[in-house]
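Geometric and topological summary
Here is what each chain is made of, one letter per residue.
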Amino acid sequence: MIREALISTFRQLIRLYFRDIERLGVSPGADTRGRVFVANHTNALIDPVVVMTDTKANISPVAKSTLWNVPGLSWLLNKAGAVPIVRRSDAPDKAAGSNNDLFDKIASHLGGGGNILIFPEGTSHSEPTLAPLRTGAARMMAAAAARAEIPPTFQAVALEFDDRTDFRSRALIVWGPVRQFADVPGEGEEKIANVTAQMKQDLEDLLVEAETHEDRLRIARVAEMFANDAGDRSLGGWSETGRRVELAQKTLRSAEPRLLAQITELVDAYYAEVDRLGVDDAQVLGLPAPSRPEEPMWKRAALAPLAASGFALYAIPYFIPRWLARNADADAVSTFKLGAALVVYPLWAAGLVTGSFMLLPPPLSVVGAAVAVTSPFAALRWMDDIYQRRPALPEEERARLARLRISAKTALEEARSRVENLA
């Protein structure tokens, strides 16, 4: 009961933290049993929260044991059904087989129809490609298969963020195909290696990757251009296009290196000017800013006084989590922000409500308390518009950028034609 309440609470919190969470693929239902979910790991504790709150399946995450040393976090992890595992990087002198009892418990959990979530890279990181996968997930499945009431399965889950460190940015979760452990060929260590390789391949098929950060940024920008041309500004559209661009880049690197170098030069020149002016590709195309068609202007105007109150009343707690996260590793910034906000905002709101009843006479005290509770949600509506706002783009600058964009797109269309002919 406590676990369900926690998951429901975190589902609401994660949808407050992110402006939008998109999904590709089919989210597992409540009847899912005996499955290992394997995910990439780039955003620390945010990653398991995003996965677990996007499905009705009951999932127990596997997490590094050092998290249980964080005050207050151990209670949450236990209530969420998390399983601690000792990593060699956290305990270099750990004895061989120190996790054997734990693996045996997880195997029994899987064999009895339970589900687990594991991040087989072993650590959260910011690299543009997957880290080598550990074999632990496959070994857990092998042990479970020997005692399974239900044949174990595994499923890759890919996570993408348009800006993983920013409050009110966007997230994308991509559910991959379901694989039967029994269908993977091999026996013993060979099967373990094959299952791990299949997990890696499934994750790579769902993610936009590159050899370097610069290459991945370029792939993301090319995907953005194609997606904007199609009028699709969703993260899902970007992801699907980005994976095709990634494959095309690999083909061109070996078959048409000169054309790839030309594309690199033209795309980089275009985006250098876009970045210098502080605008984006959609503005160059003249696409309208994202809006909420279901929310008429009169409603937004009516909420303006409440939103202004929210900005004024919650300015300090808004900046406290950002201040606390300023020295955190990039992959843990959002974790620090969300964790601090879970403490700061409720305490601040409670103080405002208490102050309203102590300092204001009725019925103003009730009004003050209501404003204290509701105003930050109104402020979020306006914050989203501010977050997406870009400076005005003069027509002469738009025309100049459009010429740079046309040069880049001409080379990209030639490349697409070459790749299709090579296929």
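A brief look at the structure comes next. Remember, predicted model here, so these are calculated numbers, not experimental data. (Residues numbered from 1 in each chain as written. Predicted model: local features only at pLDDT ≥ 70, side-chain atom pairs only at ≥ 80, totals over all residues. Heavy atoms only, no water.)

**Some points on the packing of helix α5 (residues 136–145) against helix α6 (residues 188–206)**
Angle between the axes and distance between the axes are the two parameters that describe a pair of packed helices. Following both chains from N to C, one finds α5 and α6 inclined at 125 degrees, their axes separated by 8 Å at the closest point. Classified by the interaxial angle, the pair formed by α5 and α6 is oblique. Our pair here, α5 against α6, has a crossing hand that is right-handed. Mapping the contact onto sequence places A137, A138, R139, M141 and A142 in α5 and E189, I192, V195, T196 and M199 in α6. Taken together, the residues of the contact of α5 with α6 break down into 7 nonpolar, 1 polar and 2 charged. (Axes fitted to C-alpha atoms, helices over the stretch in contact; angles between N-to-C directions. Helix = DSSP H or I, 4+ residues; strand = E, 2+ residues; numbered from the N terminus. Parallel < 35°, antiparallel > 145°, perpendicular 65-115°, else oblique. Left-handed = near helix turned anticlockwise from the far one by under 90°. Contact = heavy atoms within 4.5 Å. Nonpolar A, V, L, I, M, F, W, Y, C, P; charged D, E, K, R; others polar.)

**Details of the pairing of strand β2 (residues 35–39)**
Counted residue by residue, β2 has 5 buried out of 5 residues, so it is predominantly covered. Of the two faces of β2, both are covered, the one formed by R35, F37 and A39 as well as the one formed by V36 and V38. In terms of strand pairing, β2 meets strand β6 (residues 153–161) through 5 bridges, oriented parallel. Bridge pairing in β6 links F37 to Q155. In this structure, β2 lies alongside strand β5 (residues 115–118), joined through 3 bridges in parallel fashion. Residue pairing in the sheet places V38 in a bridge with I118 of β5. (Buried < 20%, exposed > 50% of the residue type's maximum accessible area, 1.4 Å probe, protein only. Pairing = 2+ DSSP bridges.)

**Digging into the sheet that holds β5**
Taken in spatial order, the 7 strands of this open sheet run β1-β7-β6-β2-β5-β3-β4, and their pairing is mixed. The sheet is open, and its two edges are formed by β1 (20–24) and β4 (83–85), each paired on a single side. Averaged over all neighbouring strand pairs, the angle between strand axes comes to 25 degrees, with direction disregarded. Where β1 meets strand β7 (residues 170–180), 5 bridges bridge the pair, whose relative direction is parallel. Along β7, the bridge assignment pairs I21 with A171. Contacting β2, β6 and β7, α6 crosses the sheet at an angle of about 35 degrees to β6.

**Observations regarding the packing of aromatic side chains**
Applying the stated criterion across every chain yields a total of 8 aromatic pairs. Each ring, one from Y17 and one from F18, has its centre 5.2 Å from the other, and the planes form 80 degrees; the classification is edge-to-face. Each member of the pair, Y17 as well as F18, carries the same accessibility label: buried. Among the aromatic residues, ring-to-ring pairing joins Y17, F18, F161, F167, Y318 and F319 into one connected group. (Phe/Tyr/Trp six-rings, centres within 6.5 Å; stacked < 30°, edge-to-face > 60°.)

**Some words on the pattern of salt bridges**
If you walk through the whole model with that rule in mind, you get 26 salt bridges. The salt bridge involving D384 is made with R168; its shortest N-O contact spans 2.7 Å. A residue pair is termed long-range when its members are at least 10 positions apart, and D384 in helix α14 (residues 364–388) and R168 in the loop between β6 and β7 qualify at 216 residues. For D229, the salt bridge is made with R405, and the minimal N-O distance between the two is 3.2 Å. Residue D229 is located in helix α7 (residues 213–229), and its partner R405 is located in helix α15 (residues 395–422); the two are separated by 176 residues in the primary sequence. (Salt bridge = Lys/Arg side-chain N within 4 Å of Asp/Glu carboxyl O.)

**Describing α15**
If you check α15, its first and last C-alpha atoms are 40 Å apart, about what 28 residues at 1.5 Å a residue would give, namely 40 Å. Along α15, the residues classified as buried are L401, R405, A408, K409, A411, L412, A415 and V419. (Expected span 1.5 Å × (residues − 1).)

**Looking at the packing of helix α8 (residues 235–255) against helix α9 (residues 257–277)**
The interhelical angle for the contact between α8 and α9, taken along N-to-C directions, is 125 degrees, at an axis separation of 6 Å. With respect to their mutual orientation, α8 and α9 come out oblique. Mapping the contact onto sequence places Q249, L252, R253, S254 and A255 in α8 and P257, L259, L260 and I263 in α9. Partitioned by chemical class, the residues of the contact of α8 with α9 number 6 nonpolar, 2 polar and 1 charged.

**Examining unusual backbone geometry**
Among all residues save glycine, negative phi is the norm, and among peptide bonds the norm is trans. The linkage connecting P362 with the following residue, P363, adopts the cis geometry, with an omega of 0 degrees. Inspection of the secondary structure assignment puts P363 in the loop between α13 (333–359) and α14. Phi at A44 takes a positive value of approximately 50 degrees, unusual for a residue other than glycine. Summarising the element assignment, A44 is placed in the loop between β2 and α2 (46–52). Assessed through its relative accessible area of 15%, A44 is described here as buried. In this structure, R168 is a non-glycine residue whose phi angle is positive, near 70 degrees.

**Here's the deal with a nonpolar patch on the surface**
A contiguous nonpolar patch, built from M358, L359, L360 and L364 and spanning about 460 Å² of accessible area, is present on the exposed surface. With respect to the secondary-structure elements, L364 resides in helix α14. (Patch = residues over 30% accessible without salt bridge, like charges linked within 9 Å, V, L, I, M, F, W, Y side chains within 5 Å. Areas by Shrake-Rupley, 256 points an atom, 1.4 Å probe, with all protein chains shown as cover.)

**A short note on the nonpolar core**
Ranked by size, the top nonpolar core spans 60 residues in total, and within it V36, I106, M199 and I263 carry the most contacts. Here this core takes 7 residues from α9, the largest share from any one element. Judged by nonpolar contacts, the second largest core, of 28 residues, contains I7, A39, F161 and L380. (Core = buried A, V, L, I, M, F, W, Y, C linked by side-chain atoms within 4.5 Å.)

**Things to note about the side chain of R168**
Classification of R168 by relative accessible area gives buried; the value is 7%. Within polar-contact distance, the side chain of R168 engages the backbone oxygen of L16 at 2.6 Å. Engagement of the side chain of R168 in a polar contact is seen with the side chain of D384, the distance being 2.7 Å. (Polar contact = N/O pair within 3.5 Å; in protein donor to acceptor, adjacent residues only side chain to side chain.)

**Some thoughts on the environment of P84**
Here P84 is to be found in strand β4. Once the C-alpha coordinates of P84 and L67 are considered, the two residues, 17 residues apart in sequence, prove to be 8.2 Å apart. When neighbours within four sequence positions are excluded, P84 is seen to be in contact with A63, S65, W68 and L102.

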